[in-house]
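If you want the building blocks of each chain, they are given just below.
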Amino acid sequence: MVDHDDVRRVLAANLRRLRIARHQSLSELARATRISKATLSGIETARANPTVETLAGLAGALRVSIAELLEPLPLSEVRIVRGAQAQLHERDGISQRLIDELADGGSVAVSEISLAARQARELEPRAAGSRAHMFVLAGKLIAGPVERITELTAGDYVSFPNDVPHVYEAGHQPARALLLSQSP
């Protein structure tokens with residue numbers, strides 16, 4: 001037997017996820033579907049029982065099938081590595097926490113980079129297929145492959161191959177960034 005509360009909860013979660021993924025507010029979705037904002041809010045909080053016509057309107061506006069609105073998402077694997085499990089070491093003057101044995105057999109080194117004003121670090125290539133993911137926490141810095149550097153400011157994110165010579169350099173002020181170095 002179908003549990004109607006479960007169906008409403010799945011619909012609520014899927015509607016909110018899809019609406020947010022499309023950068024739509026409830027008001028914008030209401031205008032696109034001609035469904036009241038109060039009704040949409042009720043659906044997103046699993047308090048309403050929408051009609052087939054309402055589901056069809058939502059599916060059309062969100063460019064998905066009705067089935068996609070009603071199907072539960074499969075649970076993804078969540079993996080937690082506690083600080084005590086990570087190996088702490090220093091490489092190229094940067095303190096890193098190394099997390100081995102990811103799902104793909106690779107590893108990730110998590111580092112917080114702090115550079116003094118105008119300080120630069122040019123690093124050697126990592127293993128073939130390696131990638132850097134950097135989020136700038138404070139200041140302005142230049143980062144990326146030596147041949148294709150990019151200026152970044154606080155809040156910016158960059159991802160680039162680091163299996164080539166690459167550089168991190170602070171601007172006129174000190175800079176801090178979170179760096180994830182991914183190796184195959």
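Here's a quick rundown of the structure. (Residues numbered from 1 in each chain as written. Predicted model: local features only at pLDDT ≥ 70, side-chain atom pairs only at ≥ 80, totals over all residues. Heavy atoms only, no water.)

### Observations regarding the overall build of the protein
The condition is simple: Secondary structure counts use DSSP, requiring at least four H or I residues in a row for a helix and at least two E residues in a row for a strand, with both numbered from the N terminus. Each residue is assigned to one of three classes by its accessible area relative to the maximum for its type, calculated with a 1.4 Å probe on protein chains only: buried under 20%, partly exposed between the two thresholds, exposed over 50%. Whether two residues are in contact is decided by their heavy atoms, any of which lying within 4.5 Å being enough. Per-residue accessibility takes into account occlusion by the displayed protein chains alone, with areas from the Shrake-Rupley method and a 1.4 Å probe.
If you tally the helices and strands in the protein, you get five helices and 10 strands. Within the protein, the proportion of its 184 residues that are buried is 34%. Restricting the contact set of the protein to residue pairs at least 6 apart, pairs at least 24 apart contribute 60%. With the model as given, the accessible surface of the protein reaches about 11,400 Å², and the carbon-plus-sulfur share is 53%.

### Comments concerning unusual backbone geometry
Trans peptide bonds make up the majority, and among non-glycine residues the majority have a negative phi. With a phi angle near 55°, His 23 is a residue other than glycine that sits in the positive phi range. Here His 23 is to be found in the loop between helix 1 (4-21) and helix 2 (26-33). Despite not being glycine, Ala 46 has its phi angle at roughly 60°, a positive value. Within the fold, Ala 46 resides in the loop between helix 3 (37-44) and helix 4 (52-62).

### Focus: the nonpolar core
Rules: Throughout, nonpolar core names a set of buried Ala, Val, Leu, Ile, Met, Phe, Trp, Tyr and Cys residues whose side chains join them through atoms within 4.5 Å.
Counting residues in hydrophobic clusters, the biggest one holds 17 residues, and the most contacted among them are Leu 29, Leu 40, Leu 58, Leu 62 and Leu 69. Setting aside residues no more than four positions away along its own chain, Leu 40 makes contact with Leu 15, Leu 26, Leu 29, Ala 30, Thr 33, Ile 35 and Leu 58. Core analysis: the next-biggest nonpolar cluster, separate from the first, contains 16 residues, Ile 113, Leu 115, Leu 123 and Val 158 among them.

### A short note on the pattern of salt bridges
Put simply, the rule reads: A pairing counts as a salt bridge when a side-chain nitrogen of Lys or Arg comes within 4 Å of a carboxyl oxygen of Asp or Glu.
As enumerated under the stated definition, the model contains five salt bridges in all. The salt bridge involving Asp 6 is made with Arg 9; its shortest N-O contact spans 2.4 Å. Residue Asp 6 and its partner Arg 9 are located together in helix 1, separated by three residues, close to a single helical turn. We classify Asp 6 as partly exposed; its relative accessible area is 37%. Arg 9 sits in the partly exposed class, given a relative accessible area of 47%. The residue Glu 44 makes a salt bridge to Arg 16 at a minimum N-O spacing of 3.8 Å.

### What to know about the packing of helix 1 against helix 4
Packed helix pairs are specified by the crossing angle of their axes together with the interaxial distance, meaning the distance between the axes. Using the following cut-off: Each axis is a line fitted through C-alpha atoms, taken for helices only over the stretch in contact, and angles between the N-to-C directions span 0 to 180 degrees. Roughly parallel means an angle under 35 degrees; roughly antiparallel means over 145; roughly perpendicular covers 65 to 115; every other angle is labelled oblique. Crossings are assigned a handedness: left-handed for a near helix turned anticlockwise from the far helix by less than a right angle, right-handed for a clockwise turn. Any residue that is not Ala, Val, Leu, Ile, Met, Phe, Trp, Tyr, Cys, Pro, Asp, Glu, Lys or Arg is counted as polar, Gly included; the first ten are nonpolar and the last four charged.
It is the contact of helix 1 with helix 4, at a shortest axis distance of 11 Å, that shows an interaxial angle of 30°. By the angle between their axes, helix 1 is roughly parallel relative to helix 4. In this structure, helix 1 crosses over helix 4, and the sense of that crossing is left-handed. In this structure, helix 1 uses Leu 11, Leu 15, Leu 18 and Arg 19 to contact helix 4, whose residues at the interface are Leu 55, Leu 58 and Leu 62. A breakdown of the residues in the contact of helix 1 with helix 4 according to their chemical character gives six nonpolar, no polar and one charged.

### A word on the pairing of strand 6 (residues 140-145)
Where we set the bar: Only strands that DSSP links by at least two bridges are regarded as paired with each other.
Sheet topology note: the strand 6/strand 7 (residues 150-153) ladder contains four bridges and is antiparallel. Within the sheet, the bridge partner assigned to Lys 140 lies in strand 7 and is Thr 153. Hairpin connection from strand 6 to strand 7: four residues lie between these consecutive antiparallel strands. Alignment of strand 6 against strand 9 (residues 166-170), held across five bridges, turns out to be antiparallel. Looking at the pairing, Pro 145 lines up with His 166 of strand 9.

Interpretation note: all reported values are geometric properties and have no functional meaning in isolation.
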